[in-house]
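Descriptive structure summary
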Amino acid sequence: MNHYVMDYETNVNCFLGVFEHYKTDEVKVFTIGKLRNDIEELLEFFKENQELNQWHISFNGLAFDAQITEYILRNAKWLKTLDGEEVAEKIYAKAQDCIDRSSRRDFQEWSEKNISIKQIDIFKLNHWDNPAKRSSLKWIQCGMRWDNVQDMPIHHTTKIDTVEQLKEIASYCRNDVSSTKNIMKLCAKEIRLRKDLTDEYDIRLFSASEPRISKELFLYFLEKETGIPKWELKKLRTYRRQIEVSDIILPYINFDGVPQFEDLLRNFKDLVINGNNTKGAFSYSVKYRGVKTDFGLGGVHGAKRGVYIPDDHMTIMSSDVVSFYPNLAIRNGWAPAHLPREAFCKLYEWFFDERKKIPKSDPRNYVYKIILNSTYGLSNDENSFLYDPELTMKITINGQLSLMMLYVQLAEKVPGCIPIMQNTDGVEMMIPKKHTELYMQVCKEWEDATKLKLEHDEYAKLIVPDCNNYIGIFKNGNTKCKGRFETEKALHKNASHLVVPKALYEFFVNGVKPEDYILTNKNIFDYCGQRKIIGNWKFKRSYVDNGQVIKEDLQKTLRYYVSNKGDKIIKENIGDGREVNLEAGRWQQTIFNTFQEKAWEDYDIDYKFYLDKINREIKAMQPELFKVQLSLF
């Protein structure tokens, strides 16, 4: 099959489309404008795509590129009567309409099912259109260490009058297409899964995010279970003017007279939540056994900073609730109020039970996991047929209180128990080894009371600055790194200065001195930071030329590293002219949007910047190392 990774550039009087074969190096470039008019050739190519069932693969194509393709196809006869510049102007107007609709969060003119050439949208597939994960192609290029992170070199309002301008735009567009193709390869497993699901259930899921897969498949099975047509289920919602928390707290919740948590329970019971806006409606903290624990409506978080290494008499236990939020709903028979409760609960439990029977290597295991985990989130999504904020609050509030019951019971009943951390669905405790059996007995009593199940493991070492950032070394030698200790990042996450978490890992896990590790790491990308402009700001490069300070505008997404010689990168507020250094202090930066291979010493890295970051983390965890003159630092 011949499918094509593609991208369009739309200037006010010039249109350019680049299509690269999804497997080979074959590239097709179409230009429409003052200098040439490939409208006939482009339409012939589209006709071939349709007749041979060839797909277009894009980054945000469903909301932009595919809309333009559809516009060209539906207006082909008329567009062929115009000259190249006129055609480009019409396409540009449509492009601006697409952008305006996206800005207003309006629907585009043509839905996916009405688009003539089938699409795979890598942007939507990865849910990078979600506010929590929103990412541009340039940002993802940084994350995957692409050689060339480049913004459009010519503003879209600029008229294209020369061959040189056209070559510059074509080079830029080809770079975007090549990087999109690389993302496609990284997502090959996810694309195959969506193809299999599309074929099996006859639901168009090629560009579906995980929450959408969950929504569509739950709809599919719920229609079969209830006999209610999908179109009717999709219209259902339960709106809540207010939610009285005292009415939804499970009867088994109790804290055995521990005053801090009895107060917590009373505060929850006194709470009345605005059903139309649950964000930020509750904030409460408890200090118990030296650990501060924070509560909200979304989850519980608490940790006591430290480096925990058990001796011969102690062990660190980790106990996590199995599929916590789904099982809270399943075991308590909860469902959105507008759906048949018995059918919903039966189906939800079926997904859970079926997943346990299926090996993790089977794609269905992952699909059922998506459905189980996403359903909770969709209950608080007004665009979902599962919307019922009371169900969300039942799960999150009772989840916190149930977990705190376990936390308190272990701390109160296991002699010598030292609480370390709690985070949404599990607890970490250091206990005397001789009381391991008692620990497990308390856990079993909690399981019996809640009808939930726990999974247990043991750490050999735990490094905890806070509950969202830690390194855990299990007794079997495996490790878990969270937050700023992650040495590998998902593509949408900020992967700046990865040499820092890598050095911290080597120090805390393997005892390697930071200055020794950093001299062995010769991957320039590990030293790079990535930043993007948000709001009414712009990046500028500040440097001295012939005694004068020059400030030069930079693109919206930057990749750079800290060097002994270089420039100062600043952020300037467009409104009031305020300036902020990208890296506070004396540090200078080398912009590295375009990869340059050099002899290592020629990169001129300022190692002190990175060592300072590493040592600050170590000092925060083990200040005693800095109280004496050690060769370590």
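Everything quoted here is computed from the prediction, not taken from an experiment.

**Some thoughts on the overall build of the chain**
Summing up its helical and strand segments, the chain has 20 helices and 24 strands in all. Per-residue burial for the chain yields a buried fraction of 52% across its 633 residues. Just so you have it, the chain exposes about 29,700 Å², and 46% of that area is on carbon and sulfur atoms. Charge centroids of the chain, computed over 92 positive and 92 negative side chains, lie 2 Å from each other.

**Regarding the side chain of Thr 557**
Position of Thr 557 relative to the elements: it lies in strand E21 (residues 557-563). Each residue touching Thr 557, except ones within four places of it in the same chain, is listed here: Ser 136, Lys 138, Trp 139, Cys 142, Val 149, Asp 151, Arg 531, Lys 532 and Asn 593.

**So, the pattern of salt bridges**
All told, the structure shown has 44 salt bridges when counted by the stated rule. The salt bridge partner of Lys 138 is Asp 176, with a shortest N-O separation of 2.7 Å. Taken together, the residues span a long stretch of sequence, with Lys 138 in helix H6 (residues 137-143) and Asp 176 in helix H7 (residues 163-186) at a distance of 38 residues. By the burial criterion, Lys 138 is buried, and Asp 176 matches it. A salt bridge links Arg 240 to Glu 390; the nearest nitrogen and oxygen atoms lie 3.6 Å apart. Here the residue Arg 240 occupies a position in the loop between helix H10 (230-233) and strand E6 (242-244), and Glu 390 occupies one in helix H15 (residues 389-413), the gap between them amounting to 150 residues.

**Examining helix H4 (residues 84-104)**
The terminal C-alpha atoms of H4, which comprises 21 residues, lie 30 Å apart, in line with the 30 Å expected from a rise of 1.5 Å per residue. Every buried residue of H4 is listed here: Gly 84, Val 87, Ala 88, Ile 91, Tyr 92, Lys 94, Ala 95 and Cys 98. Along H4, the residues classed as buried sweep out an arc of 165° about the axis, all on the same side. Looking at the buried positions of H4, the neighbouring elements they touch are strand E1 (4-11), strand E2 (14-21), strand E3 (27-33), helix H1 (39-51), helix H2 (65-74) and helix H3 (76-79). Taking the backbone nitrogen of Glu 85 as reference, a side-chain oxygen 3.2 Å away marks Asp 83 as the first, capping residue of H4. Once H4 ends, the next one or two residues include Arg 105, with phi positive near 60°.

**Here's the deal with the environment of Val 512**
Structurally, Val 512 can be placed in the loop between helix H17 (499-510) and helix H18 (514-520). The contacts of Val 512, once residues within four sequence positions are left out, are Glu 506, Phe 507 and Tyr 517.

**Brief notes about the pairing of strand E15 (residues 454-466)**
Here strand E11 (residues 306-308) pairs with E15 via three bridges, running antiparallel. Bridge pairing in E15 links Tyr 308 to Leu 462. Of the pairings in the sheet, the one linking strand E12 (residues 314-321) to E15 comprises six bridges and is antiparallel in character. Counterpart to Ser 319 in the pairing with E15 is His 456. With five bridges connecting them, E15 and strand E16 (residues 469-474) associate as antiparallel partners. For Lys 461, the partnering residue across the bridge sits in E16 and is Ile 473.

**Quick notes on the confidence of the model for the chain**
Here the chain averages 94 in pLDDT, and 99% of its residues register 70 or above. When the criterion is pLDDT under 50, residues 629-633 qualifies, and its contacts beyond four places in sequence or with other chains add up to 14 contacts.

**A word on the sheet that holds strand E24 (residues 588-591)**
In spatial order, the strands read E18-E21-E24; together these three strands make up an open sheet with antiparallel pairing. Of all the strands in the sheet, the pair left with one neighbour each is strand E18 (529-532) and E24. Neighbouring strand axes in the sheet, compared pairwise and without regard to direction, differ in orientation by 45° on average. Direction of pairing for E21 relative to E24: antiparallel, over a ladder of four bridges. Bridge assignment links Ser 563 to a residue of E24, and that residue is Gln 588.

**Let's talk about the nonpolar core**
Counting 84 residues, the largest nonpolar core has Phe 261 and Phe 268 as the members making the most contacts within it. With 13 residues, the top contributor of residues to this core is H15. The contacts of Phe 268, once residues within four sequence positions are left out, are Val 245, Ile 249, Phe 282, Phe 295, Gly 296, Leu 297, Ile 397, Gln 400 and Leu 401. If you look at the next biggest cluster of nonpolar residues, it comprises 30 residues, including Phe 507, Phe 508, Tyr 527 and Leu 611.

**Some points on the sheet that holds strand E22 (residues 568-573)**
Spatially, E20-E19-E22-E23 is the arrangement adopted by the four strands of the open sheet, whose pairing is antiparallel. Two strands lie at the open edges of the sheet, namely strand E20 (548-553) and strand E23 (579-581), each paired on one side alone. Here the strands of the sheet are splayed against their neighbours by 35° on average, with no regard to which way each runs. As defined by bridge partners, strand E19 (residues 537-545) adjoins E22 across six bridges and the pair is classed as antiparallel. Of the residues in E22, the one forming a bridge with Arg 541 is Ile 569.

**Looking at unusual backbone geometry**
With a phi angle near 60°, Arg 105 is a residue other than glycine that sits in the positive phi range. Note that Arg 105 resides in the loop between H4 and strand E5 (119-121). A relative accessible area of 71% places Arg 105 in the exposed class. At Ser 323, a position not held by glycine, the phi torsion is positive, near 40°. Position of Ser 323 among the secondary structure elements: in the loop between E12 and helix H12 (324-332).

**What about the packing of H12 against helix H13 (residues 341-357)?**
As a packed pair, H12 and H13 sit with axes 9 Å apart at the nearest point and diverge in direction by 130°. Judged by the angle between their axes, H12 and H13 are oblique. By crossing handedness, the relation of H12 to H13 is classed as left-handed. On H13, the residues that touch Pro 326, Asn 327, Ala 329, Ile 330 and Arg 331 of H12 are Tyr 348, Glu 349 and Phe 352.

**Some words on the packing of helix H8 (residues 188-201) against helix H9 (residues 210-226)**
Closest axis-to-axis distance for the H8/H9 pair is 12 Å, and the angle between their directions is 20°. Classified by the angle their axes make, H8 and H9 are roughly parallel. For the pair H8 and H9, the crossing hand works out as left-handed. Seen from H8, the contacting residues are Arg 194, Leu 197 and Tyr 201; seen from H9, they are Glu 210, Ile 213, Leu 217, Tyr 220 and Phe 221. Of the residues that constitute the contact of H8 with H9, the class distribution is six nonpolar, no polar and two charged.

**Structural notes on helix H16 (residues 436-450)**
An α-helix turns once per 3.6 residues; consequently, residues spaced three or four apart project the same way. Taking 1.5 Å as the rise per residue, H16 with 15 residues should run 21 Å; its terminal C-alpha atoms sit 21 Å apart, in good agreement. Against the buried residues of H16 lie E12, H15, strand E14 (426-432) and E15. Just downstream of H16 lies Lys 451, where phi reads positive at about 65°.

**Notes on a negative patch on the surface**
A cluster of acidic side chains, namely Glu 40, Glu 41, Glu 44, Glu 48 and Glu 51, defines a negative patch on the protein surface. A relative accessible area of 58% places Glu 51 in the exposed class.

Parameters at a glance
Residues numbered from 1 in each chain as written. Predicted model: local features only at pLDDT ≥ 70, side-chain atom pairs only at ≥ 80, totals over all residues. Heavy atoms only, no water. Helix = DSSP H or I, 4+ residues; strand = E, 2+ residues; numbered from the N terminus. Buried < 20%, exposed > 50% of the residue type's maximum accessible area, 1.4 Å probe, protein only. Areas by Shrake-Rupley, 256 points an atom, 1.4 Å probe, with all protein chains shown as cover. Lys, Arg positive; Asp, Glu negative; His and termini not counted. Charge placed at Lys NZ, Arg CZ, Asp CG, Glu CD. Contact = heavy atoms within 4.5 Å. Salt bridge = Lys/Arg side-chain N within 4 Å of Asp/Glu carboxyl O. Expected span 1.5 Å × (residues − 1). Arc of directions from axis to C-beta. Polar contact = N/O pair within 3.5 Å; in protein donor to acceptor, adjacent residues only side chain to side chain. Pairing = 2+ DSSP bridges. pLDDT = per-residue confidence, 0-100. Axes fitted to C-alpha atoms, helices over the stretch in contact; angles between N-to-C directions. Core = buried A, V, L, I, M, F, W, Y, C linked by side-chain atoms within 4.5 Å. Parallel < 35°, antiparallel > 145°, perpendicular 65-115°, else oblique. Left-handed = near helix turned anticlockwise from the far one by under 90°. Nonpolar A, V, L, I, M, F, W, Y, C, P; charged D, E, K, R; others polar. Patch = residues over 30% accessible without salt bridge, like charges linked within 9 Å, V, L, I, M, F, W, Y side chains within 5 Å.

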